[in-house]
Amino acid sequence: MSQLETTPARAGVDTPVVIVGPTASGKSEVAMSVAIGSGNTHIVACDAMQVYRRMDIGTAKPTMEERARVVHHGLDLVDPSEVFTVSDYQANARQAVSEIRAGGARALVVGGTGLYLTALIDDLQFPGQWPDVRAELMREPQVDVLYRRLQVLDPIAASKIEPSNRRRIERALEVCIGSGQPFSATGPGTGAYPDNGVVQIGILWDRQKLAERIEQRIHRMMDEGLLAEARELRASGSLSTTARQALGYRELFEHLDGDCSLGDAVGDMITHTRQFAVRQERWFRRDPRIRWIHVEQDPVSEIGPILAEYLR
RNA sequence: GGUCGGGUAGCUCAGUAGGCAGAGCAUGCGCCUGAAAAGCGCAGGGUCACCGGAUCGACGCCGGUCCCGACCA
């Protein structure tokens, strides 16, 4: 706790309300029912993959019928071939929230992508991009060379990054070299959890039950035509790095390339999705501001009323 | 029935002139500032099929039993 004055926690009409949870936890379902009940609530999707058009079944995107009943933001923002980053999401989602507010409605954020949510509700500032610098860094074959360089340019950042994590080392170096400022000077990072007045409700399932829901959902997606959707996507041209690695699609691409059987691809989808769900839980459970609700059976009836309270 | 392989971590498999049993995947936990459905780290986990023998000492060598696979009849 800081000794400085802090904004008291409040669920004011001008702040969004957030529902978070792992994939297949029932977030969207709960949000839909609460938004309908409120009559004056827009949904803001916080999902790194639902921003891509034509990736509908595999990202469990709300249907057109649902979108006709409740206004949704954050969906179908770009083509799967386009590069889209956290920073783009931040700008887009903040714009959406302020427009919702200006129109006198409430914003209900459905959060599945932790970093994107942090970018939306906690003033994360992104220092910029230097593609030339990055390209040059990527040419260096040895990670430890890069790491040693970071230790010199920004010892603080280096101390927080594992020497083998090439992705993060490259980005930190890109910023140091490109901006002339240490990367670590950018801000407190993702673990600050300031009191921002945003109400966050988390859906908590028993692991085993969530695993069953994931498996059922994947089979449902396959029944709904995920394979055909993946095939069309694959035929439509090049995909951005992000879109290409979307769960469900990436395993089916492997099968379509002839690298594995359909059964194996579906099995991998289930395992990978389960692992992703656990990673989401691990990200969210660090945030002490989230109020977790343990769900046993039906998320809509078990969490809906609690969430609705905050949107009155 | 016979011959030859094989039985080692939850799974797929390494391994040792006899000297404290390994990897990948899975699982658990942690990290995370412009790819985040990404990326990275740490950890737990074994009657080495079973029974007997020789040996200071056996997962390994010898004898037998049981299972799996291939081939031969």
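For the rest of this paragraph, the subject is the layout of surface pockets. Of the voids in this model, the second largest pocket is the one considered here, and its volume is about 200 Å³. With three residues, the single largest contributor to the lining of the second largest pocket is helix H3 (residues 86–102). Tallied by class, the residues present in the lining of the second largest pocket amount to five nonpolar, one polar and three charged.

Tallied over the entire structure, the rule returns two cavities of 30 Å³ or more. Lining of the largest cavity is provided by Gly114, Leu117, Thr118, Ile121, Asp122, Thr190, Tyr193, Gln200, Trp283, Phe284, Asp287 and Arg289. Those elements giving two or more residues to the lining of the largest cavity turn out to be helix H4 (114–121) and helix H13 (262–284). A per-element tally of the lining of the largest cavity places H4 first, with four residues. The residue makeup of the lining of the largest cavity, split by class, is five nonpolar, four polar and three charged.

Counting buried positions along strand S2 (residues 41–46) yields five of six residues, so the element is predominantly enclosed. Here S2 pairs with strand S3 (residues 72–73) via two bridges, running parallel. Of the residues in S3, the one forming a bridge with Val44 is His73. Since S2 and S3 lie parallel, the crossover through helix H2 (residues 64–69) that links them has a hand, and here it is right-handed.

Time to look at the protein's contact with RNA strand B. Taken together, 45 residues surround RNA strand B, and among them Phe126, Thr242, Arg279, Arg285 and Arg286 come closest. The contact atoms of RNA strand B, taken as those within 4 Å of the protein, divide so that sugar and phosphate hold 62%. Note that a base oxygen of RNA strand B is positioned 2.7 Å from one of the backbone N or O atoms of Gly187. Here Arg285 contributes a side-chain N or O atom positioned 2.3 Å from a phosphate oxygen of RNA strand B. No other element matches the seven residues that H13 contributes to the surface near RNA strand B.

Across its 23 residues, H13 extends 33 Å between first and last C-alpha, which sits within 8% of the 33 Å expected from 1.5 Å per residue. Ala265, Val266, Met269, Ile270, Thr273, Ala277, Val278, Gln280, Glu281 and Phe284 are the residues of H13 that are buried.

Let us now look at the packing of aromatic side chains. Applying the stated criterion across every chain yields a total of one aromatic pair. Where Tyr89 meets Tyr116, the ring centres are 5.0 Å apart and the plane angle is 20°; that geometry is what we call stacked. Of this pair, Tyr89 sits in helix H3 while Tyr116 sits in helix H4, placing them 27 residues apart in sequence. The residues Tyr89 and Tyr116 share a single accessibility class, namely buried.

For strand S5 (residues 199–204), a buried count of five out of six residues is recorded, marking the element as mostly surrounded by other parts of the structure. In this structure, strand S1 (residues 17–20) lies alongside S5, joined through four bridges in parallel fashion. The partner of Val20 across the bridge, within S5, is Gly202. Bridge count for S5 against strand S6 (residues 290–294) is five bridges, and the pairing is parallel. By the bridge assignment for S6, Gly202 is matched with Trp292.

Right, let's talk about unusual backbone geometry for a bit. In this model, Ala24 sits at a positive phi of 70°, which is unusual for a non-glycine residue. Of note, Ala24 is situated in the loop between S1 and helix H1 (27–38). Ala24 gets classed as buried once you look at its relative accessible area, which sits at 8%. Backbone geometry at Ala60 places phi at a positive 55°, although glycine is not the residue there. Following the sequence through the fold, Ala60 ends up in the loop between S2 and H2.

Cut-offs and rules
- Residues numbered from 1 in each chain as written.
- Chains lettered and ligands numbered in written order.
- Predicted model: local features only at pLDDT ≥ 70, side-chain atom pairs only at ≥ 80, totals over all residues.
- Heavy atoms only, no water.
- 1 Å grid on protein atoms, 1.4 Å probe; cavity = no way out; pocket = protein on both sides within 12 Å on 5 of 7 lines; lining within 4 Å.
- Points joined across faces, edges and corners; volume = space filled by probe spheres on them.
- Helix = DSSP H or I, 4+ residues; strand = E, 2+ residues; numbered from the N terminus.
- Nonpolar A, V, L, I, M, F, W, Y, C, P; charged D, E, K, R; others polar.
- Buried < 20%, exposed > 50% of the residue type's maximum accessible area, 1.4 Å probe, protein only.
- Pairing = 2+ DSSP bridges.
- Right-handed = clockwise from strand over helix to strand, strands pointing away.
- Near = heavy atom within 4 Å.
- Polar contact = N/O pair within 3.5 Å; in protein donor to acceptor, adjacent residues only side chain to side chain.
- Expected span 1.5 Å × (residues − 1).
- Phe/Tyr/Trp six-rings, centres within 6.5 Å; stacked < 30°, edge-to-face > 60°.

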